[in-house]
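# Residue-level structure breakdown
Each chain, written out:
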Amino acid sequence: MHLSDEQLIELDSNARSHIADCHQCQQKIANLENLRQRLRALPEVPAPENGWLRVSQAYQFQVEQQQARKQVSFWRFSSFALVASLSLVLFFLWPSEKAGQLDQSMSENQLAHSQKLKSLIEQNDLLQQQLNRQLMLNHLDEANFKRLQVELSVVDKALQQAYIQRLGSDEKVQLWQQRQRLIEQLLESAKRPEIVKI
Amino acid sequence: MTTKIGFQQELPEEVVEQAKRGDMKAFEQIYRTYANACYSVALRICDQTTMAQDVMQESFVKVMRRIESFRGDGRFASWLKQIVIHETINRIRSNNRIHLVGEDELLKSESKDLFNQSWLDVCRDLDSFLSRLSTTARAVLLLHEVEGYSHREIANLFGKSESFSKITLFRAYAALKQLAEKQQERQNALK
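Criteria and cut-off values
All chains use their own residue numbering, which begins from 1 and follows the written sequence. As a convention, the first chain written is A and the first ligand written is 1, with the rest following in written order. With pLDDT at 70 or above as the cut-off, local features in this predicted model cover only qualifying residues; side-chain atom pairs require 80 or more to be listed or tallied, and sums for whole chains, interfaces and linings still use all residues. UniProt positions are given in the numbering used here, feature names are shortened, and annotations may be inferred rather than shown by experiment. In this text, helices come from DSSP runs of H or I with a minimum length of four residues, and strands from runs of E with a minimum of two, each type numbered from the N-terminal end. Working definition of burial: number of other C-beta atoms within 10 Å of the residue's own, with buried at 20 or more, exposed at 12 or fewer, and partly exposed in between, all C-beta atoms being placed from the backbone. Two residues form a contact once the distance between their C-beta atoms, set from the backbone, is within 7 Å. Amino acids outside the nonpolar list (Ala, Val, Leu, Ile, Met, Phe, Trp, Tyr, Cys, Pro) and the charged list (Asp, Glu, Lys, Arg) are all regarded as polar, and Gly is one of them. Only buried Ala, Val, Leu, Ile, Met, Phe, Trp, Tyr and Cys residues enter a nonpolar core, and they are joined through C-beta atoms within 7 Å. Here, the arc refers to the directions that run from the helix axis to the C-beta atoms. Residue-level confidence of the predictor is what pLDDT reports, using numbers from 0 through 100. The span you would expect from a helix comes to 1.5 Å times its residue count less one. Fitted lines through C-alpha atoms serve as axes, helices being fitted only where they are in contact, and the angles separating the N-to-C directions of these axes extend from 0 to 180 degrees. Each angle gets one of four labels, with under 35 degrees taken as roughly parallel, over 145 as roughly antiparallel, 65 to 115 as roughly perpendicular, and the rest as oblique.

Within an unreviewed UniProt entry, the label attached to chain B reads RNA polymerase sigma factor, and the organism entered is Aliikangiella coralliicola. Quoted verbatim from the Sequence similarities (unreviewed entry) field of UniProt, the annotation for chain B is "Belongs to the sigma-70 factor family. ECF subfamily."

As recorded in an unreviewed UniProt entry, chain A goes by the name DUF3379 domain-containing protein, listed as coming from Aliikangiella coralliicola.

This is the structure in structure tokens:
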């Protein structure tokens, strides 16, 4: 009984001892080795000319992306911290707005301002949640994001100060509106991500 | 004296050490030494120039990012080749270009006396024959017969059983033989 094709492809010790005495199987092994030699002798294919440029650019891009991700995670942390501290300020220094218990002695104008402020805070809160989701997904445009995050942190600090110093509603409304616009711009840039192809 | 080519080429140890320190010139030297070998392996397996270029780019970027993990206990070229092959197979797998072979098919594929003659002698352009194999058959054939991978290693690469590798290799040879016989018939008809 001669060796099967499978046995010829992967010789074990039994197959080797069979081959030693079988001329027909020796011939088959020689044919198989000839095939293998042809496959191993296939010539090299030259790599594309600009290969190193592509590789070095792709490497640089990945390194920059990694650095940007580190910055984003740092900013994400500081953003959460700012929002948390802002909430604490609102809770302790402005209980009437927090609970919606508006002072009855307020004038209609003050009442309208308070309601506007409350609505702005709620909208900002919703937008902040959307932004956090986009941050988790890394769907934000890097260049826009870096610029806007700096502006946003400035507004957040100004808002904190506005509540600590008990500034008037007008200033607070302006700051909340400014904050809302910045987050909207950030989210807008997330909707049109820049595709980088190297 | 024979000139070494492809992955047989050796790099001076200091080049790898310089690359570990982030020296881009050293990385470029590594690239220029092995670019053709890497590209050839990737292209022969996937048979797509764009995919082979992407594989090569991604493989070298991985080498640059992970070179610190290369301890030097094996050949650098072997480590690099392993990365290229893994990257190629992963691309093929993610493109769903793997032909799945059932476990019981090995039993069905009876011996066809594939090696009774040196039928490949008729083939002038082996690459054109290889191009006509399925991606899986070509990959297994080259990995087993050229790169020296065992069936177990191929099975692990593809996330399949050893039977998958054995039957695929068998089929690759059967398909090559069929192609060679057809070419022989055409050549005979022209005479």
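We now examine the overall build of chain B. Counting secondary structure elements, chain B contains nine helices and zero strands. Reading the helices (α) and strands (β) of chain B from amino to carboxyl end gives α-α-α-α-α-α-α-α-α. A buried classification covers 37% of the 191 residues belonging to chain B. Sequence separation of at least 24 residues holds for 71% of the intrachain contacts in chain B that already meet a minimum separation of 6.

This next bit is on the overall build of chain A. Within chain A, the secondary structure is distributed over eight helices and zero strands. Reading the secondary structure of chain A in the N-to-C direction produces α-α-α-α-α-α-α-α. Counting only residues that meet the buried cut, chain A has 14% of its 198 residues in that class. Of the contacts formed within chain A by residues at least 6 apart in sequence, a portion of 68% connects residues at least 24 apart.

Residue and element names in this part refer to chain B. With a phi close to 60 degrees, Asp47 is a non-glycine residue in the positive phi region. Residue placement: Asp47 occurs in the loop between helix H2 (24-46) and helix H3 (49-66). Residue Asp47 is classed as buried on the basis of its 20 C-beta neighbours within 10 Å.

Attention shifts here to the interface of chain A and chain B. Listed by partner, the interface residues are 28 residues for chain A and 33 residues for chain B. Elements represented by at least two residues in the side of chain A that touches chain B include exactly helix H1 (5-9), helix H3 (23-40) and helix H4 (51-93) of chain A. Here the element with the most residues in the side of chain A that touches chain B is H3 of chain A; it accounts for nine residues. When grouped by side-chain class, the residues that make up the side of chain A that touches chain B number 14 nonpolar, six polar and eight charged.

Take the nonpolar core next. Ranked by size, the top nonpolar core spans 60 residues in total, and within it Cys38, Ala42, Met56, Val140 and Ala172 of chain B carry the most contacts. With 12 residues, H2 of chain B is the single largest residue contributor to this core. Residues within four places of Met56 of chain B in sequence aside, it is in contact with Ala47 and Gly51 of chain A together with Cys38, Tyr39 and Ala42 of chain B.

A few words on helix H8 (residues 151-158) of chain B. Residue and element names in this part refer to chain B. Those residues of H8 not exposed but buried are His151, Ile154, Leu157 and Phe158. Each buried residue of H8 sits inside an arc of 120 degrees when the element is viewed along its axis, so together they form one side. In this structure, the buried side of H8 is in contact with helix H4 (76-94), helix H7 (135-145) and helix H9 (162-190). After H8 finishes, the residue Gly159 shows a positive phi value of roughly 70 degrees.

Detailed reading of predicted coordinates is not advised where the pLDDT is low. Residues and elements named next belong to chain A. Of the residues in chain A, 71% reach a pLDDT of 70 or more, and the chain-wide mean stands at 77. Taking the mean pLDDT of every element in chain A, the minimum, 49, falls on helix H5 (residues 95-99) and the maximum, 92, on H3. Note that residues 98-102 has pLDDT below 50 and, in this model, seven contacts with residues that lie over four places away or in other chains. Within the model, the stretch residues 193-198 combines pLDDT values under 50 with eight contacts to residues more than four positions away or in other chains.

Residue and element names in this part refer to chain B. Taking 1.5 Å of rise per residue, 19 residues should cover 27 Å, and H4 covers 27 Å from first to last C-alpha, within 8% of that figure. Those residues of H4 not exposed but buried are Phe76, Ala77, Leu80, Val84, Ile85, Glu87, Thr88, Ile89 and Ile92. Looking at the buried residues of H4, the elements they touch are helix H1 (13-20), H2, H3, H7 and H8.

Here the focus is the packing of H7 of chain B against H9 of chain B. All names here are of chain B. Interaxial distance between H7 and H9 falls to 8 Å at its minimum, and their mutual angle equals 100 degrees. Between H7 and H9, the interaxial angle falls into the category roughly perpendicular. Along the contact surface, H7 presents Thr136, Ala137, Arg138, Val140, Leu141 and His144, while H9 presents Ser165, Thr168, Leu169, Arg171, Ala172 and Ala175. Taken together, the residues that form the contact of H7 with H9 break down as six nonpolar, four polar and two charged.

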